[in-house]
Amino acid sequence: MEEKRKEVGLEILEKSPTGIKGLDDITGGGLPQARPTLLCGSAGSGKTLMALEFLVRGAVLFNEPGVYMAFEETEQELIRNVASLGFDLKKLIAEKKLTIDYVHIERSEIEETGEHDLEGLFIRINQAIDQVGAKRVVLDTLEALFSGFSNTGILRAELRRLFRWLKNKGVTAIITGERGESALTRHGLEEYVSDCVILLEHVERNHIYTRRLRIVKYRGSKHETNDFPFLIDDDGISILPITSLTLDHGVSNERISSGVAALDEMLGGAGFYRGSSILISGTAGTGKTSLCGHMAEAACRRGEKVLYLSFEESSKQIMRNLGSIGLHLEQWQKKGLLQFHAERVSIYGLEAHLTSMHKLIDAFKPAVVILDPINAYLSNDDELEAKTMIVRLIDYIKSNYITGFFTNLTAGASVEETTDMKISSLMDCWLLLRDIEENGERNRGLYVLKSRGIANSNQIREFLITAQGVELKEVYLGSTGILTGSSREVQELLDQEEEMRLEEKIKQLELVLERKQKAIQTQIELSEMQMKSDEIEIKDKIDALKRQHKRIDLKRQVAQTSRTKKGA
Amino acid sequence: MDGKTRNSSEDEFWILKLYVAGQSPKSVTAFRNLKKICEEHLEGKYQIKIIDLLKNPQLGKGDQILAIPTLIRQLPEPVKKIIGDLSNTERVLVGLDLQPAKKGSF
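Here the structure is a predicted model, which means the values were calculated and not measured.

Broken down by element type, chain B carries two helices and four strands. When its helices and strands are written in sequence order, chain B yields β-α-β-β-β-α. Within chain B, residue pairs in contact and separated by at least 24 positions form 64% of the contacts whose partners lie at least 6 positions apart.

This part is about the overall build of chain A. Helix and strand content of chain A: 17 helices and 25 strands. In chain A, of all internal contacts separated by at least 6 residues, the share reaching a separation of at least 24 is 69%. For chain A, the exposed area adds up to about 28800 Å²; of that, 52% sits on carbon and sulfur atoms.

Residues and elements named next belong to chain A. Counted according to the given criterion, the structure contains four aromatic pairs over all chains. Positioned over the ring face of Phe122 is Arg161, at 4.2 Å from the centre of the ring. Over the ring of Phe364 we find Lys305, and its NZ or CZ is 4.9 Å from the ring centre.

Quick look at a nonpolar patch on the surface now. Residue and element names in this part refer to chain A. Taken together, the side chains of Val60, Leu61 and Phe62 define a hydrophobic patch exposed on the protein surface, amounting to about 270 Å² of accessible area. By the secondary structure assignment, Phe62 is in the loop between α3 (47-61) and β4 (66-70). Given a relative accessible area of 31%, Phe62 falls into the partly exposed group.

Glancing now at the sheet that holds strand β3 (residues 70-75) of chain B. If you trace the five strands from one edge of the open sheet to the other, you get β6(A)-β4(B)-β3(B)-β1(B)-β2(B), paired in mixed fashion. The open sheet has two edge strands, β6 (110-112) of chain A together with β2 (46-52) of chain B, and neither has a second partner. When strand polarity is set aside, the average angle formed by the axes of neighbouring strands in this sheet is 25°. Note that strand β1 (residues 14-20) of chain B and β3(B) share five bridges and pair antiparallel. Opposite B:Leu16, over in β3(B), you have B:Arg73 as the bridge partner. Sitting on the sheet, helix α1 (residues 25-41) of chain B is in contact with β1, β2 and β3 of chain B, with an inclination near 170° to β2(B).

Residues and elements named next belong to chain A. Put simply, chain A has an average pLDDT of 82, and 87% of its residues get 70 or more. Taken element by element, chain A is modelled with least confidence in helix α1 (residues 2-8), mean pLDDT 47, and with most confidence in β4, mean pLDDT 94. Counting interchain partners and residues more than four positions distant, the pLDDT-below-50 stretch residues 414-418 has eight contacts.

Residues and elements named next belong to chain A. Note that Ser238 resides in strand β12 (residues 236-239). Residues Ser238 and Lys359, 121 residues apart in the sequence, show an inter-C-alpha distance of 9.7 Å. When near neighbours in sequence (up to four residues on either side) are disregarded, Ser238 contacts Lys21, Pro229, Phe230, Leu231, Thr355 and Lys359.

Across the contact, 26 residues belong to chain B and 23 residues belong to chain A. For the pair chain B and chain A, the two sides together bury roughly 2100 Å², of which 57% comes from carbon and sulfur. Looking only at chain B, the three residues that lose the most surface to chain A are B:Gln64, B:Leu66 and B:Ile83, adding up to 34% of its buried area. At the junction of chain B and chain A, the tally comes to three salt bridges. Taken together, the connections running from chain B to chain A amount to 15 residue pairs in polar contact (both at pLDDT 80 or more).

Moving on, we get to the side chain of A:Thr176. With respect to the helices and strands, the residue A:Thr176 is situated in strand β8 (residues 172-178). Apart from residues no more than four positions distant in its own chain, A:Thr176 is found in contact with A:Leu38, A:Leu39, A:Lys47, A:Ala51, A:Leu139, A:Asp140, A:Thr141, A:Leu142 and A:Leu189.

Turning to the pairing of strand β20 (residues 429-438) of chain A, a few remarks are in order. Residue and element names in this part refer to chain A. The buried fraction of β20 is high, at seven of 10 residues. Sheet topology places strand β15 (residues 277-282) next to β20; five bridges connect them, and they run parallel. Bridge pairing in β20 links Gly282 to Leu433. Relative to strand β21 (residues 441-451), β20 runs antiparallel, the two being bridged by 10 bridges. Bridge assignment links Leu432 to a residue of β21, and that residue is Tyr447. In sequence, β20 turns back onto β21 through a hairpin of two residues, with Asn439 there showing a positive phi of about 50°.

This part is about the sheet that holds β15(A). All names here are of chain A. Ordered in space as β17-β16-β18-β19-β15-β20-β21-β22-β23, the nine strands form an open sheet in which the pairing is mixed. Looking at strand neighbours, the two that pair on one side only are β17 (338-342) and β23 (469-474), the edges of this open sheet. The mean angle between the axes of side-by-side strands here comes to 25°, regardless of whether they run parallel or antiparallel. Across the sheet, helix α11 (residues 315-323) lies against β16 (306-310) and β17, angled at about 125° from β17, the strand it touches most.

Residues and elements named next belong to chain B. In this structure, the amide linkage connecting Leu75 to the following residue, Pro76, adopts the cis form with an omega of -5°. Assignment of secondary structure puts Pro76 in the loop between β3 and β4 (80-83). Phi at Asp97 is positive, roughly 65°, even though this residue is not glycine. Turning to its location among the elements, Asp97 is positioned in the segment after α2 (89-96). Given a relative accessible area of 9%, Asp97 falls into the buried group.

All names here are of chain A. The buried count for β15 comes to six of six residues, which makes it a mostly enclosed element. Neither face of β15 is open: one carries Ser277, Leu279 and Ser281, the other Ile278, Ile280 and Gly282, and all of them are buried. With six bridges connecting them, β15 and strand β19 (residues 403-409) associate as parallel partners. For Leu279, the partnering residue across the bridge sits in β19 and is Phe406.

What counts and what doesn't
Residues numbered from 1 in each chain as written. Chains lettered and ligands numbered in written order. Predicted model: local features only at pLDDT ≥ 70, side-chain atom pairs only at ≥ 80, totals over all residues. Heavy atoms only, no water. Helix = DSSP H or I, 4+ residues; strand = E, 2+ residues; numbered from the N terminus. Contact = heavy atoms within 4.5 Å. Areas by Shrake-Rupley, 256 points an atom, 1.4 Å probe, with all protein chains shown as cover. Phe/Tyr/Trp six-rings, centres within 6.5 Å; stacked < 30°, edge-to-face > 60°. Lys NZ or Arg CZ within 6 Å of the ring centre and 35° of its normal. Patch = residues over 30% accessible without salt bridge, like charges linked within 9 Å, V, L, I, M, F, W, Y side chains within 5 Å. Salt bridge = Lys/Arg side-chain N within 4 Å of Asp/Glu carboxyl O. Buried < 20%, exposed > 50% of the residue type's maximum accessible area, 1.4 Å probe, protein only. Pairing = 2+ DSSP bridges. Axes fitted to C-alpha atoms, helices over the stretch in contact; angles between N-to-C directions. pLDDT = per-residue confidence, 0-100. Buried area = accessible area lost by both parts, 1.4 Å probe. Polar contact = N/O pair within 3.5 Å; in protein donor to acceptor, adjacent residues only side chain to side chain.

Now the structure itself:
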């Protein structure tokens, strides 16, 4: 493979993954392979730890043995210092995956008497590399040489030769350097390392110290240019973002219930998409936490794990309060499906907090993460920073197919939509809880402000918190706007009366109609009777006349007969 | 230890180690210069060991050898370390404590 790489050519910049959380993401894959990287920073900024972690991860994760040339700390000191980070250097040394060589330089012992070079150092590094077949080398810090050798002309020439030699040797190297007053390093090491320069800083803001990392230069590679906060804890170094800030999250078509049937109904009848980010904003006391409770309950009932991160209330308090509306979350906590984590954001720096959150998520692997409320960050540090942190957290949750449920406490009555602008664009679904004040009452209304990919209801529902949980009521849309609370009830009564009145009227009219029909019917019957009797009467008359007529005829016949008899 | 005063004792024996890397010009020059100084100041009571780090790289570690050439005065104690091709004789003598003078110079 090595040969192939050389054949393919110089254009492709091969990278050596560091294995340090986040660093490979922002460097686009790691440090330039077979080249030196300068890692500079002030005292205590974490240079040594980062360099050492580079070797440890290389040995453990990528099977690349490493050499650590220590100019300032002895092997024992180093082993002790990083044991707290869970790095077992002794084991790695025993397994021949790592070698630490302490190079002692003491100015006062050395007399310079003419031409010399640093071949001794080269031989020493070379020997260390060969000893374990190292692919990675750390020189921490070469600047110690400047205190040991007064002839800087020779020293600089030798440094230049050293970097060239390291490249030829094919090792990926980290050279550390102390931050200088006006330059990146005190002795201008940056002029020898042209491929990659990383700067570490330790900055104080509002009495909270945060560590930051910036890639000053990375020749031949695109990289992130921002300052990235990072953290050193019992697990090594973590740089945020732990995930890359890309938009290639996978998507799911699976829908999950919000735990409130009526709300699912509003969301196309099926609830949220799995893995989507849901924001619930509202003013104080509008029922955000209650919705969180429903979400958690529903997820646990499905057998999914829920991580509930609370920043304002303790877990006991939340469970007690949710218990009062019929949501009993203790059972899920006991079953290990629900994990509460309550802490105030302000205790740590923002980065420390978020990093610990990443770790919680990594360890627990929840299907749903609830952050209540998300703006606990905003009150803490400067807003822009906080927002970028939230972006990264949401991004992280999303990229892990976790459904994120975030609440946002908004300040005023009607400014929700502007204050949430920055984070709302990241959200797939945004529910708004708002107060509706009228007739001396404060009622809650809920509506779906947006919901990507879901045919959602455009209606405002009245949001009731009952002893059985959250209920959503259809609201009245009257000429005066929406009606909630008692006015809705009044309106309902009024409507009932109106209905009854109408029904009454209909009944009355029907009766009238019936009566009229009856009257006419009788008249018809009467007329018919009249007609019948008239008919009979006339018929009688006709008969009488007919009889009379007959009689006359008969008389005439009789007379005729008698006349003929007389005449004959 | 305390019996060994650095400068004068006639019966002191000197062991000098010269670290080199192959037969480089600097190494050869250093050896020549060292030989000359020893002949002049320590005749008959010195021993020079040449250590070639190209052949025995592991030997450089103990004496913390970075620069080449490096001369170590192993005996008499204390150990002294001198780097360079030893062409600046005055400095070599200071470094070896063969000449107590010129201490103020740098």
